[in-house]
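The lines below spell out each chain.
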Amino acid sequence: MLTKNSQETPLQILPRVLIVSRRCIRKNKFVDFVGEYHLDLIANYGAVPVIVPRISAVQQMLDAFEPFHGVLLCEGEDVDPSLYETENGLSHDELDEIRKLHSSDTAIDRAKDSIELQLARRCLEKNIPYLGICRGSQLLNVACGGTLYQDVEKEVSEKSGFDIKHINYDNYDGYRHPIKVVEDTPLHYWFQDSLQGVNMEIMVNSYHHQGIKRLADRFRPMAYAPDGLIEAFYDPNAYNPEEGKFIMGLQFHPERMRHDGENCTENVFDYSGCPRVYEDFVKAVAAYQKKLAVCSGERKVVKVGGEMEKQSKRIVRSYSITKLIYEDHTSSNPSAEASDLHPGALFFQLNARLSVRALDREEENRLKQMGATVRNSASYMKGMKKQKEIKETALKFMESMSTEELWDLIACYQMMAHIGSQVLEEKLMC
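Explanation requested: the overall build of the protein chain in the structure shown.
Looking only at helices and strands, the protein chain has 13 helices and 13 strands in total. Split into buried and exposed, the 430 residues of the protein chain put 45% on the buried side. For the protein chain, the share of sequence-separated contacts (at least 6 apart) that also reach a separation of at least 24 residues comes to 74%. As displayed, the protein chain has an accessible area near 23,400 Å², and 50% of this comes from carbon and sulfur atoms.

As C-alpha cells, then:
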C-alpha cells in the first residue's frame, strides 16, 4: 500500500519477442523447452523473451500474444516436406538411412510447423522483426516460397567434392566449419573486424542436416559454406534496425559460439559479431515497438528517475518559445536551441494540418454569403496566411529531425493530450 509520502513508480513496458518452444520427452512426459543462450541474449539487450508453448491449442490462440514486437524461431525438427516442393531424387533406401542417422530431427512436428508458419507470415505481412536461426531460417524460406534440401550431405556435400560436415553429434558446441561472407551485407558489417584475409571467411558453429535449396526471391544470400550451401540470407528491403526493420535467417548458430560457463557478453564469444546479431535484432524490435505505439495512439510510458519532471520542463519551454515565434512572426529565437524548438514546431504542424486550407474565390464567396463583412473575411484570410507561414516554418524544423526524434515527439504530445484530457475532466467535475 502506498503511504501519503510515497510515489507510485510507473512501469516501463519492454518490447516482447516471441519464441516457440521445442517438444521432447523427459521421464515419459512431454517437455517444452527453449535454449537458454537465445533467452540470455534477448534479455541482455533489453527485450522480454516470451515463450510460446508448442501445444496444439496455441494454434488458435496466437492473437492472445498481441502485441508482440519481434519473433525469434530457432530449434526443432525438420520442416514438413509437404509444405514445399521436394524434387530431391533420393531413393527410399537413402531416405531410410537419413531417418536412422538423424532420428532426433526427422520426426515431423506439424503443430510446431503450423504455429511457426503463422508467426512468420504475420511478421512478413506486418513487417515485424524476425530472426530465424537454423530451423527458423529454413522455415522463413519456406514461408516465402523457397525450398529445402532434405539432406545436405547426400544432396550437396557428396556431389560438391568438399569434405565438410554440417553437423557433429559428438561435439555440438565445439564444432566449427568455414563460411564465406558476402560483402555489403549485415553479416559483413557485424563480422568485418574478424574476417580472415581476402577469402572473407569465419568459422561458425553448425548442426543441421537440411538447408536452403532454392532461396525465395525476396531474399539475398549473406554467406556460403565451401560446398555452396547458403548459410545466411536477409531481405534487403526489410533491413534497417533503427526503423524497426529486420527479416533474416542464419543457418549457423552465433549464440553457440561462446566459451562455456560464461555470461552472454561480447568478450566471451568467438567473434564480436556473434552477439551483435542479437543486439541489432533487439534494436529493431524496440524501434518497431515505438513505431507501433505511435501508430496505434498508445500512450508512451515515461521512464522513472526524474524523467517525467524533465519532460514536463522541456514541454513548457517548447510552448513558451513556440508562442514567441507565433506572436513575433519569426522563425527563430536567439535564446533557443534547435532541439528546444522541435516540440513547438510539431505542435503547429499538426494544428496547421487540421486548420489550414487554400482559400480560393469560391470559399471567399461562401464567407460573404454567410454574412461575413469584407473586413472579417480579410482578417480570416490573413490569419490563414499566418498559419500557413507557421506551417512552413514547422516543416523546416521537422525535416531536420531524425525518425527517432519524430517518434519521441509524437509520443510526447500524445502523452500531453492524455494528461490534458484528465485535467479537463477533473475541472468539469468540480
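Got a minute to help me understand helix α4 (residues 110-126) in this structure?
An α-helical turn contains 3.6 residues, so a residue and the one three or four places further along point in the same direction. The end-to-end C-alpha distance of α4, which contains 17 residues, comes to 24 Å, matching closely the 24 Å that a straight helix rising 1.5 Å per residue would cover. Among the residues of α4, those classed as buried are Ala-111, Lys-112, Asp-113, Ile-115, Glu-116, Leu-117, Leu-119, Ala-120, Arg-122, Cys-123 and Leu-124. The first or second residue beyond α4 is Asn-127, which carries a positive phi of 60 degrees.

Is there a simple way to think about helix α1 (residues 36-44) in this case?
Within the sequence span of α1, burial applies to Tyr-37, His-38, Leu-39, Leu-41 and Ile-42. One or two steps after α1, the chain reaches Gly-46, where phi turns positive at roughly 105 degrees.

Can you help me understand the state of the cysteines in this one?
Two cysteines joined by a covalent bond between their sulfur atoms form a disulfide. One pass over the full model with this rule turns up 0 disulfides. Left without a disulfide partner, Cys-74 is nearest to the cysteine sulfur of Cys-134, which lies 9.2 Å away.

Please explain the packing of aromatic side chains as it appears in this structure.
Each aromatic ring pair is described using two quantities: the centre-to-centre distance and the angle formed by the ring planes. Across all of its chains, the model carries 7 aromatic pairs by this definition. Taking 6.3 Å as the distance between ring centres and 25 degrees as the angle between the ring planes, the aromatic pair formed by Trp-190 and Phe-246 counts as stacked. Separated by 56 residues along the polypeptide, Trp-190 in helix α7 (residues 186-191) and Phe-246 in strand β13 (residues 245-250) bring together distant segments of the chain. Side by side, Trp-190 and Phe-246 carry an identical accessibility label, which is buried. A connected cluster of aromatic rings, assembled from ring pairs, spans Trp-190, Tyr-234, Tyr-239, Phe-246 and Phe-281. Against the face of Tyr-37 rests Arg-258, its NZ or CZ located 3.5 Å from the ring centre.

What exactly am I supposed to notice about the pattern of salt bridges here?
For side chains of opposite charge, pairing can occur when their charged atoms come near one another. Inspection of every chain in the model, using the stated rule, returns 13 salt bridges. Residues Lys-112 and Glu-116 are paired through a salt bridge, measuring 2.8 Å at the closest nitrogen-oxygen approach. Taken as a pair, Lys-112 and Glu-116 lie in helix α4 at a separation of 4 residues, close to a single helical turn. Accessibility expressed as a relative area gives 1% for Glu-116, which makes it buried. The network of salt bridges with shared partners includes Asp-63, Glu-66, Arg-122 and Lys-126.

Would you mind going over unusual backbone geometry with me for this structure?
Excluding glycine, residues mostly carry a negative phi; peptide bonds, for their part, are mostly trans. Here the bond from Glu-66 into Pro-67 is cis, since omega is -5 degrees, no more than 30 degrees from zero. The phi dihedral of Asp-184 is positive, around 60 degrees, even though this residue is not glycine. On the secondary structure map, Asp-184 appears in the loop between β8 (177-181) and α7. Here Asp-184 falls in the exposed class, since its relative accessible area comes to 62%.

About the cut-offs
Residues numbered from 1 in each chain as written. Predicted model: local features only at pLDDT ≥ 70, side-chain atom pairs only at ≥ 80, totals over all residues. Heavy atoms only, no water. Helix = DSSP H or I, 4+ residues; strand = E, 2+ residues; numbered from the N terminus. Buried < 20%, exposed > 50% of the residue type's maximum accessible area, 1.4 Å probe, protein only. Contact = heavy atoms within 4.5 Å. Areas by Shrake-Rupley, 256 points an atom, 1.4 Å probe, with all protein chains shown as cover. Expected span 1.5 Å × (residues − 1). Disulfide = S-S within 2.5 Å. Phe/Tyr/Trp six-rings, centres within 6.5 Å; stacked < 30°, edge-to-face > 60°. Lys NZ or Arg CZ within 6 Å of the ring centre and 35° of its normal. Salt bridge = Lys/Arg side-chain N within 4 Å of Asp/Glu carboxyl O.

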